Amino acid sequence: IDAEFGTLAQTQTLIRAIAKRGKIYPSNDKDAARAEMVSEGCADLVSKYFGVMFSTGTKEAFLPTTKQFLKFFSNILGDNDYVASSFSFGDLQLFL
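Definitions and cut-offs
Residues numbered from 1 in each chain as written. Predicted model: local features only at pLDDT ≥ 70, side-chain atom pairs only at ≥ 80, totals over all residues. Heavy atoms only, no water. Helix = DSSP H or I, 4+ residues; strand = E, 2+ residues; numbered from the N terminus. Expected span 1.5 Å × (residues − 1). Buried < 20%, exposed > 50% of the residue type's maximum accessible area, 1.4 Å probe, protein only. Polar contact = N/O pair within 3.5 Å; in protein donor to acceptor, adjacent residues only side chain to side chain. Core = buried A, V, L, I, M, F, W, Y, C linked by side-chain atoms within 4.5 Å. Contact = heavy atoms within 4.5 Å. Salt bridge = Lys/Arg side-chain N within 4 Å of Asp/Glu carboxyl O.

Some details on helix H3 (residues 29-53)
So, step 1. Its 25 residues give H3 an end-to-end C-alpha distance of 36 Å, which sits within 8% of 36 Å, the value for a rise of 1.5 Å per residue.
So, step 2. Taken as a whole, H3 has its buried residues at Asp31, Ala32, Ala35, Val38, Ser39, Gly41, Cys42, Leu45 and Gly51.
So, step 3. Two or three places before Lys30, at the opening of H3, Asn28 has a side-chain oxygen 3.2 Å from that residue's backbone nitrogen.

Below you can see the structure in the form of structure tokens.
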């Protein structure tokens, strides 16, 4: 990434830059917004999990949060195969 964009920081910025380079960033605004929403949601869920891993939270407190996020992701997907109209970085993050 350094060569093309200069030095970048922040995980979500890197993910979007790599997705654009790898052509898995949606081409229209609606799909891009949905992919970014899922990507940010995944990042939020992981950050809450880190709290459990490093003892700033409990497993019991994390479970309701996990259920909320999974319901959110399930509602976004609905009966569709992908978050956007075709495979995107949002799907990749969601299913990793």
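Side note on the nonpolar core
So, step 1. If you look at the biggest cluster of nonpolar residues, it comprises 10 residues: Val38, Cys42, Leu45, Phe62, Phe69, Phe73, Ile76, Leu77, Val83 and Leu94.
So, step 2. Sorting the residues of this core by element identifies H3 and helix H4 (59-77) as the ones contributing at least two each.
So, step 3. The element that contributes the greatest number of residues to this core is H4, accounting for 5 residues.
So, step 4. Once residues lying within four places of it in the same chain are set aside, the contact partners of Phe62 are Leu45, Lys48, Tyr49 and Val52.

Section: the side chain of Ser88
So, step 1. Tracing the sequence through the fold places Ser88 in the loop between H4 and helix H5 (89-95).
So, step 2. Residue class for Ser88 comes out buried when judged on its relative accessible area of 1%.
So, step 3. Ignoring anything within four residues of it in the chain, the contact list for Ser88 reads Ile24, Pro26 and Ala35.

Regarding the pattern of salt bridges
So, step 1. Scanning the entire structure with this criterion turns up 1 salt bridge.
So, step 2. Across the salt bridge formed by Glu40 and Arg16, the nearest N and O atoms sit 3.3 Å from each other. In this pair, Glu40 sits in helix H3 while Arg16 sits in helix H2 (residues 11-21), placing the two residues 24 residues apart along the sequence.

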